[in-house]
Amino acid sequence: MTIEDFGFRSYGGPRLGSFPRIFAIASMDVRRFFRRKLFLIFFLACVFPAIMTLVFVYIRFVVIEGQGEIAGMGDVRALRGPGARLFANLTDVATTFFQPFLSFAMPLAVAYSAVVGAGSISTDRRSGALELYFTRGIRPSHYFCGKWAAVTFMICCQILFSYLAVWVIAVFLAPDWGFLEETAGFVPRWILAQGFFCTSLGFLVTALSGTTSSPRFAIMRWFGILVFLYALTRVLYRQLGESWFFIFSPWHDLRRVAEAIAGVEGVRGFDPYLALLGTALLFALGFHLCRKSMRPVEVVG
Amino acid sequence: MTRGDLEPAVRLEDFTIRYGSFTAVDGAAFTMPRGACGLLGKNGAGKSSILKAVLGLIRPSRGRARVLGMDALGEGRRLRDRIGYMAEKETIFPGLSGLEAVILAGRLSGLPPLEARQRAHEVLFLVRIEEERYRKVETYSAGMKQKIKLAQALVHDPELLFLDEPTNGLDPGGRSEILDLLKDLVRKKGKSLILSSHILPDVEKLCAHVVLIDGGKVLREGSIAEMTGAAGRLYRLRLRGGSEVEPALAAEGWLREDLGNGEYRVFLPPEVPAERLFELALANGAQVRLLELERKSLADVFLDAVRGAEVSKERRA
């Protein structure tokens, strides 16, 4: 076998900077996930709240308003017959869209993030891929950012893009532009809130993934930390009646900050600034874990 | 040609690496010229630490490392774009096909997406992975995984290849193919490579220069031809008759060893042609029955160097 047979070429073109390399890591990760059939089934299960919201939107705008039985939002309460209960609470747009998000999509996102994020770095560590990454022209921080971006994108697919798609469909299903005018002020804040939630969740689960070479162990750690701290802070709150204990629960911190961004009333009077402080502490802890667990010297050679 | 092109592939100067109280590399200083070089040493000799230094991933306790004319530590990231690395252990991008893995390797080295795809196909043809490139790497045989690792190391057209046991797990045919390919890369494409291998015949076949290390210290460095005696200085001479030959050899001042039964091992200085031995034998009434270049194998050289180091260590102790 000689080189001439196959034409090995020299490359004299430009080398791209850091961002395209981070993008390459993220896009390859996303592609790897979305072509697994089991993952697609799980993904569909996790976007079920968005699918349900779409059904509500369809019933409200096409079935009810299309038949002329109801003119505006307030009249939903006056509905009689099947579907009345479903729509009884849909008194304002924020509740219509944010309530399913808070009640179903956000808790589901925790399970979903464990599946997409816990194996993110641990699988690479197990298969020796970290050695391949770190001996290329990237820094460990680039590698982490690529992984984080991939996990965040996949969480966004579940609770941000799916809801955004429902909102766009609702805008066009509505009989007039009233729905758009009504929601135009709320939706940007809602996107920001969900974006914050996805990014933070993605960061934490990716950082935790870097601490082990077993994806299963990473999932157990993720749920262990979340569930344990959730339960502990709730018990403390019930016993002592102090809401600031929630600062120690990542779930409460992320959710409260997201609620504050979206302008939704928070639960149990937990101060959003305290939640923000808790989130900052979580990020600091995540950075520390990353620095400690992903030193190239430890994984190469 | 830039100034960097004239620089040696690797140059370590007074290079010391310590992990806590343990000294992994102790004052190593060597130069690996462009072309194919071997890095030989037992397990724990300090090869991995040197590798990390070459890749710009490790800060030495003392000394410095220059690779392709660049400061390995200060310009590590830029340097790694010019180096191809093939690890010894199994390293794969999980869940990707062979083609995707090579594309990703190219893109991580800064190739534009389209170029990375095109070059990935080319290097996969080069290492003879054809339809299998669309299968997941996890399903590959050990030999195919080696080839994928080599393709990943080559895809971004590096100037220097660092290959750690590249022929592990390959059948004789595959091994020969890979060695021929690497030889072509060095001779026809002007690539440099550093080969770390325990398979010494591979090193002898491919490399012109070797560095022998043990216990974190450089035992020997130089061209294989010089080390093994293939440079033409060491001869095995068998004579019949002529008892005056021995004093004549001594009178010439050449290093020699009497092996008994009229056999000698003679070191000739570079300026002395081998014909001089015939002349000497003739002048002293002896008949030359055998005159051959004596070569040590690289394994002999390596073992001699290790033994020599152990003996001098014992003496010092």
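Since the model is a prediction, treat every value here as computed from it, not as a measurement.

A. Looking closely at the nonpolar core. Counting residues in hydrophobic clusters, the biggest one holds 129 residues, and the most contacted among them are Tyr-133 of chain A together with Phe-93 of chain B. With 16 residues, the top contributor of residues to this core is helix 9 (residues 140-173) of chain A. Filtering out sequence-adjacent residues up to four positions away, Tyr-133 of chain A remains in contact with Ile-25, Asp-124, Ile-138, Tyr-143 and Lys-147 of chain A together with Phe-93, Leu-104 and Leu-108 of chain B. Ranked by size, the runner-up nonpolar core spans 34 residues in total, among them Cys-37, Leu-55, Ala-65 and Ile-83 of chain B.

B. Summary view of the environment of Leu-181 of chain B. Residue and element names in this part refer to chain B. Counting through the fold element by element, Leu-181 comes out in helix 7 (residues 172-189). What makes Leu-181 buried here is its relative accessible area of 0%. For Leu-181 and Leu-200, which are 19 residues apart along the polypeptide, the C-alpha to C-alpha distance reads 18 Å.

C. Representation of the interface of chain B and chain A. With 54 residues of chain B at the contact, the number on the chain A side is 44 residues. Viewed at the interface, chain A and chain B are joined by 6 salt bridges. In this structure, Arg-9 of chain A engages Glu-122 of chain B in a salt bridge whose closest nitrogen and oxygen atoms are separated by 3.0 Å. Along the contact surface separating chain B from chain A lie 24 residue pairs in polar contact (both at pLDDT 80 or more). Every element with two or more residues in the side of chain B that touches chain A is listed here: helix 2 (47-54), helix 3 (76-80), helix 4 (98-108), helix 5 (113-126), helix 6 (142-154) and helix 7 of chain B. A total of 9 residues in the side of chain B that touches chain A trace back to one element, the largest contributor, which is helix 5 of chain B. For the side of chain B that touches chain A, the class distribution of residues is 25 nonpolar, 9 polar and 20 charged.

D. Structural context of the confidence of the model for chain B. All names here are of chain B. Mean pLDDT over chain B: 85, with 97% of residues reaching 70 or higher. Of all the helices and strands in chain B, helix 1 (residues 3-6) carries the lowest mean pLDDT, 58, while helix 4 carries the highest, 95. As scored by the predictor, the complex reaches a pTM of 0.82 and an ipTM of 0.83.

E. Local environment of the sheet that holds strand 5 (residues 70-71) of chain B. Residue and element names in this part refer to chain B. If you walk across this open sheet you meet the 4 strands as 2-1-4-5, and the pairing is antiparallel. The strands lining the two open edges of the sheet, one partner per strand, are strand 2 (22-32) and strand 5. In this sheet, strand 2 lies alongside strand 1 (residues 10-19) in antiparallel orientation, the contact comprising 7 bridges. If you follow Leu-12 over to strand 2, its bridge partner there is Phe-30. Contacts between helix 2 and the sheet are confined to strand 1, strand 2 and strand 4 (62-67), with strand 1 contributing the most and set at about 120 degrees to the helix.

F. Layout of the packing of aromatic side chains. For the structure shown, the criterion picks out 24 aromatic pairs over all chains. On the basis of an interplanar angle of 65 degrees and a centroid distance of 5.7 Å, the ring pair of Phe-246 of chain A and Phe-270 of chain A is categorised as edge-to-face. In this pair, Phe-246 of chain A is assigned in the loop between helix 12 (215-240) and helix 13 (250-262) and Phe-270 of chain A in the loop between helix 13 and helix 14 (272-293), connecting sequence segments 24 residues apart. Phe-270 of chain A matches Phe-246 of chain A in its accessibility class, with the two residues each being buried. Among the aromatic side chains, those forming a connected cluster through ring pairs are Phe-33, Phe-34, Phe-39, Phe-42, Phe-43 and Tyr-112 of chain A. Positioned above the aromatic ring of Phe-125 of chain B is the side chain of Arg-133 of chain B, whose terminal nitrogen or guanidinium carbon lies 4.4 Å from the ring centre.

The rules we used
- Residues numbered from 1 in each chain as written.
- Chains lettered and ligands numbered in written order.
- Predicted model: local features only at pLDDT ≥ 70, side-chain atom pairs only at ≥ 80, totals over all residues.
- Heavy atoms only, no water.
- Core = buried A, V, L, I, M, F, W, Y, C linked by side-chain atoms within 4.5 Å.
- Buried < 20%, exposed > 50% of the residue type's maximum accessible area, 1.4 Å probe, protein only.
- Helix = DSSP H or I, 4+ residues; strand = E, 2+ residues; numbered from the N terminus.
- Contact = heavy atoms within 4.5 Å.
- Salt bridge = Lys/Arg side-chain N within 4 Å of Asp/Glu carboxyl O.
- Polar contact = N/O pair within 3.5 Å; in protein donor to acceptor, adjacent residues only side chain to side chain.
- Nonpolar A, V, L, I, M, F, W, Y, C, P; charged D, E, K, R; others polar.
- pLDDT = per-residue confidence, 0-100.
- Pairing = 2+ DSSP bridges.
- Axes fitted to C-alpha atoms, helices over the stretch in contact; angles between N-to-C directions.
- Phe/Tyr/Trp six-rings, centres within 6.5 Å; stacked < 30°, edge-to-face > 60°.
- Lys NZ or Arg CZ within 6 Å of the ring centre and 35° of its normal.

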